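Fold and geometry: a report
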Amino acid sequence: MPILAAFMVPHPPMIVPKIGRGSEEQVRETITSYEKVADEIAALKPDTIIITSPHATSYADYFHISPGYHARGNFGRFGVPNVSFDEAYDASLREQISSIAEEEGFPAGIEGERDAALDHGTMVPLWFIRQKYSSGKILRIGLSGLSLTEHYRLGEIIRKAVDASGRRVVFVASGDLSHKLQEYGPYGFSPEGPVYDERIMDVCGRGSFGELFDFGESFCDKAAECGHRSFVIMAGAFDGEAVRATAYSHQDVTGVGYGICSFYPEGTDERRHFRKEWLEQKEKELSERAEKSDVYVRLARRSLESYILRREVIRIPEDLPAELTDRKAGAFVSIHKEGQLRGCIGTILPTEDSLAKEIIQNAISASTRDPRFEPIRPEELRLLEINVDVLSTPEEIDSPEELDVKRYGVIVSCGARRGLLLPDLDGVDTVEDQIAIARKKGGIGPKEKVKLQRFEVIRHI
């Protein structure tokens, strides 16, 4: 049986009257829409309510599904411990989801529970639902740091499990919108905030789920959104399905965006396989880009592909220009996949007898030895974007005023500890941010005295 319906909802604790103590009235429109959602769920009489929450256990490279048979939680963190929940988990459906994920080699399951108590991203929707519908078990699923297409794929896996189970299931995608909508709000204002809210309400109001992939990582970070990945998982659960989408309300009076929409399936639609479509388009774009890339990037790609596919380190090609074979320099190889960093390793000063060898070795290291990531798998090669940065010799500087985030990279040193950040990185807009990130990378505290160096790069794409 297909998923009966899905709902996009926010989770501000203050919307619960015993927490808000009257302040919730400023979002009355949101409350009214939430009550409508609860009425619709009660009318559907689901066996199971799946809730994806940004505040459940989450990992950078794994989707956590809460284990066990029961879960409890309360709003004690918000001063109201007597508003509590005791929920039963649908262990059978969870097992089906986990089994399909394992069969497909997908990183999702019950490992790594950090906090068994229900989180507020789960409890706020349940507070409204349980006013109208007391039956039905739940499943709680966290988000991850993986790409949007992987979140969508999790939705597809959930859909397969639901279809096989015969359960009557409702999907609740919990997530606030931007947290930076008003200067007076708790998180201040960012120009990206209102833009995000307008775009997401338009996209979800039309049910145009393919457009969810067009929200870049940097844009979402600057908007300080909360629920985008939650919404993408929900969208994946309707892959290949026509939906009737309705936007109920949007409010930003607290400085945080609260949007509510509903989605009802209306039969098969082969035009709506959005992940497959997006990946095909991305592969085409990357193939065209690879054909236009310069000799530095082609060398890096050839090196990492040879090593990943055959564990072979390539010889220096005979047709390389002298600037690669007769010159020594430090170089970084950066790898991105679907807009996210997938590996970056480099050398500040040359360690090989030619720049070509430097690039060959650093491409291998960036793709297989970056400690922040699992080694790149062969099936990922077609989706990789590769850059090569060739560094000038670093020079010491006396003050941050001698830095420019667009022109210079920075090296921050404190004794043997050292952190480096390349210039002109997406999302790094100020010298203060640049130095802070370099400190963190080097394990250097914010108040420790440091030596600063700067360097320039020639970026090859």
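See the structure shown above.
Residues numbered from 1 in each chain as written. Predicted model: local features only at pLDDT ≥ 70, side-chain atom pairs only at ≥ 80, totals over all residues. Heavy atoms only, no water.

1. A few points about the overall build of the protein chain
Within the protein chain, the regular secondary structure consists of 13 helices and 18 strands. A globule of 461 residues ought to have a C-alpha radius of gyration of about 23 Å, and the protein chain, at 25 Å, matches this closely. Principal axes of the C-alpha set define a box for the protein chain whose edges measure 75 × 45 × 35 Å. Counting over 461 residues, the protein chain shows a buried share of 56%. Nonlocal contacts in the protein chain, meaning residues at least 24 apart in sequence, comprise 77% of its contacts between residues at least 6 apart. Here the protein chain has roughly 20,500 Å² of accessible surface; of this, 48% comes from carbon and sulfur atoms. (Helix = DSSP H or I, 4+ residues; strand = E, 2+ residues; numbered from the N terminus. Rg over C-alpha atoms; globule rule 2.2 N^0.38 Å. Buried < 20%, exposed > 50% of the residue type's maximum accessible area, 1.4 Å probe, protein only. Contact = heavy atoms within 4.5 Å. Areas by Shrake-Rupley, 256 points an atom, 1.4 Å probe, with all protein chains shown as cover.)

2. Overview of the sheet that holds strand 11 (residues 331–337)
In spatial order, the strands read 12-11-13-18; together these 4 strands make up an open sheet with antiparallel pairing. In this open sheet, the two strands that pair with only one neighbour each are strand 12 (340–346) and strand 18 (457–460). Geometrically, the sheet is characterised by an average inter-axis angle of 20 degrees between neighbouring strands, direction not taken into account. Of the pairings in the sheet, the one linking strand 13 (residues 384–391) to strand 18 comprises 4 bridges and is antiparallel in character. For valine 388, the partnering residue across the bridge sits in strand 18 and is histidine 460. (Pairing = 2+ DSSP bridges. Axes fitted to C-alpha atoms, helices over the stretch in contact; angles between N-to-C directions.)

3. Examining the environment of leucine 421
Position of leucine 421 relative to the elements: it lies in strand 16 (residues 417–421). Residues leucine 421 and valine 405 lie 16 residues apart in sequence; the distance between their C-alpha atoms is 9.6 Å. Once you skip the residues sitting within four places of it in the chain, leucine 421 turns out to touch Gly409, Val410, Val428, Gln434, Ile437, Ala438, Lys441 and Phe455.

4. Here's the deal with the pairing of strand 17 (residues 451–455)
A large share of strand 17 lies buried, amounting to 4 of its 5 residues. Of the strand pairs in this sheet, strand 15 (residues 409–414) and strand 17 are connected by 5 bridges, and their pairing is antiparallel. Across the sheet, valine 410 pairs through a bridge with arginine 454, a residue of strand 17.

5. Brief notes about the nonpolar core
Generally speaking, a soluble globular protein has its nonpolar side chains buried in company with each other. Among the nonpolar cores identified, the biggest contains 54 residues, and Ile50, Ile158, Phe171, Tyr196, Ile200, Phe209 and Phe263 are the most heavily contacted of them. Broken down by element, this core gets its largest block of residues, 7 residues, from helix 5 (residues 148–165). Here phenylalanine 263 is in contact with Ala5, Ala6, Met8, Cys204, Phe209, Met234, Phe238, Arg244 and Ala245, once residues within four sequence places are set aside. (Core = buried A, V, L, I, M, F, W, Y, C linked by side-chain atoms within 4.5 Å.)

6. A closer look at the pairing of strand 2 (residues 48–53)
The buried count for strand 2 comes to 6 of 6 residues, which makes it a mostly enclosed element. Residues Thr48, Ile50 and Thr52 of strand 2 are buried on one face, and the alternating residues Ile49, Ile51 and Ser53, pointing to the opposite face, are buried as well. In this sheet, strand 7 (residues 137–142) lies alongside strand 2 in parallel orientation, the contact comprising 6 bridges. Counted as the bridge partner of isoleucine 49 is isoleucine 138 from strand 7. As judged from the 5 bridges shared by strand 2 and strand 8 (residues 169–174), these two strands associate in the parallel manner. When the sheet's bridge partners are listed, threonine 52 is paired in strand 8 with alanine 173.

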